[in-house]
Amino acid sequence: MLLKKLLLGIAGVGLGIGLMASSALAANLRVLAWDGYADADWVKEFTAESGIGVDVVFIGSDDEIWAKIKGSEGQDFDVFAVNTAQLQRYIKADLVTPIDLSKLPNQKDTLPRFRDITKVSGDTKDGKVYGIPFCFDSIGLIYDTDKVKPAPTSMSVLWDPAYKGKVLAYDNGEHNFSFTALTLGYKDPFNLSAEQMAAVKAKLVELKRNVLSFYTTADEAQQIYQNNDVALIWANYGQQQVKALQKIGAHVAYINPSEGALAWLDNWVISKGVRDKDAAEKWIDFMLSKKVSGALSERTGFGNTVVESSSAGSNDKLVWLNNVEDPTKRSDLWNEIKATP
């Protein structure tokens, strides 16, 4: 009987330790992020500094983020990364929680263009901050430095007859209408009138006659470049494409056009179901450290919001992607353009 009590006591202690461990694990900060946004060494350092454990789930598309957050009504994750064009969707669906800037001392040291979050379209609503800018990339122009001289300053070079048959363009109606609208001088490339839409369509028909090929992936563009006489690439994948091309020995450079470059901006956001808001804000502040931000740009080629990088200089004009007036119409018109002889 004594042995039985002793064994039961040991089992009880073991169960208690197991429950404590499970409880500690359950208290981990739950992060949903793109690959490259929560590297293992950063997670390890954050835990060492804060004592907060982290569980990271990586995602591969905007649709996947929405499915995971909406599917659980924000209960499965504490903090996640999403771009400004998508964030308003989460705010409208009441899936995110306002962020207290006073808990983010590193935010005060971000680059000037990101410091006043009220001026970053899509990150606030009704005076409350929902998104903290973390990283970005512009959608600029790659040019072969041996073939394009002088160095271009505007996307208008894509229409130059000198480069007929030497242009690679991205196969996407929304983006193509937007960047062409900027080239034509329209202030809001995401909300075009019927008249502006017709003008952009006509301009894109002209562009098609200069294009060697349209691509959908960065690897596809690189393969076409290697096997053809290409002078200019409309770089949907920005600095990632530049780094990949330079890695294979291509003599290329990159510009953000003077009329403005389309750009995406990803933010850290706190979910409606956050279990420990203080821990989530500590994570965001840690991500805004110069060490992490600098390493992010070094490893991925993306721009960061803390230290200057090659993605965009302080004088470059960036036009953050936003929802467009009619995605279906743009897609239909783009198909018509591609079908035009």
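Preceding this paragraph is the structure being described.
An account of the accompanying structure is given in this report. (Residues numbered from 1 in each chain as written. Predicted model: local features only at pLDDT ≥ 70, side-chain atom pairs only at ≥ 80, totals over all residues. Heavy atoms only, no water.)

### Section: the side chain of threonine 300
Working step 1: Residue placement: threonine 300 occurs in helix α11 (residues 290-300).
Working step 2: Within polar-contact distance, the side chain of threonine 300 engages the backbone oxygen of leucine 296 at 2.7 Å.
Working step 3: Side-chain polar atoms of threonine 300 contact the backbone nitrogen of phenylalanine 302, separated by 3.0 Å. (Helix = DSSP H or I, 4+ residues; strand = E, 2+ residues; numbered from the N terminus. Polar contact = N/O pair within 3.5 Å; in protein donor to acceptor, adjacent residues only side chain to side chain.)

### Structural notes on the sheet that holds strand β8 (residues 141-144)
Working step 1: A sheet is described by the order of its strands in space; here 5 strands give the open sequence β10-β9-β11-β8-β12, paired in mixed fashion. At either margin of the open sheet sits one strand with a lone partner, and together these are β10 (211-215) and β12 (252-255). For this sheet the average axis-to-axis angle between neighbouring strands, irrespective of direction, equals 20°.
Working step 2: Sheet topology places strand β9 (residues 167-170) next to strand β11 (residues 232-234); 2 bridges connect them, and they run parallel. Of the residues in β11, the one forming a bridge with leucine 168 is isoleucine 233.
Working step 3: The strands touched by helix α9 (residues 238-247) within the sheet are β8, β10, β11 and β12, with β12 carrying the most contacts at an inclination of about 170°. (Pairing = 2+ DSSP bridges. Axes fitted to C-alpha atoms, helices over the stretch in contact; angles between N-to-C directions. Contact = heavy atoms within 4.5 Å.)

### Looking at empty space enclosed by the protein
Working step 1: With the rule as written, the count across this model stands at 1 cavity of 30 Å³ or more.
Working step 2: There is about 40 Å³ of room inside the largest cavity.
Working step 3: Around the largest cavity, the lining residues are Ala218, Ala221, Gln222, Ile233, Gln241, Ala244 and Leu245.
Working step 4: Looking at the lining of the largest cavity, the elements with two or more residues in it are α8 (218-227) and α9. (1 Å grid on protein atoms, 1.4 Å probe; cavity = no way out; pocket = protein on both sides within 12 Å on 5 of 7 lines; lining within 4 Å. Points joined across faces, edges and corners; volume = space filled by probe spheres on them.)

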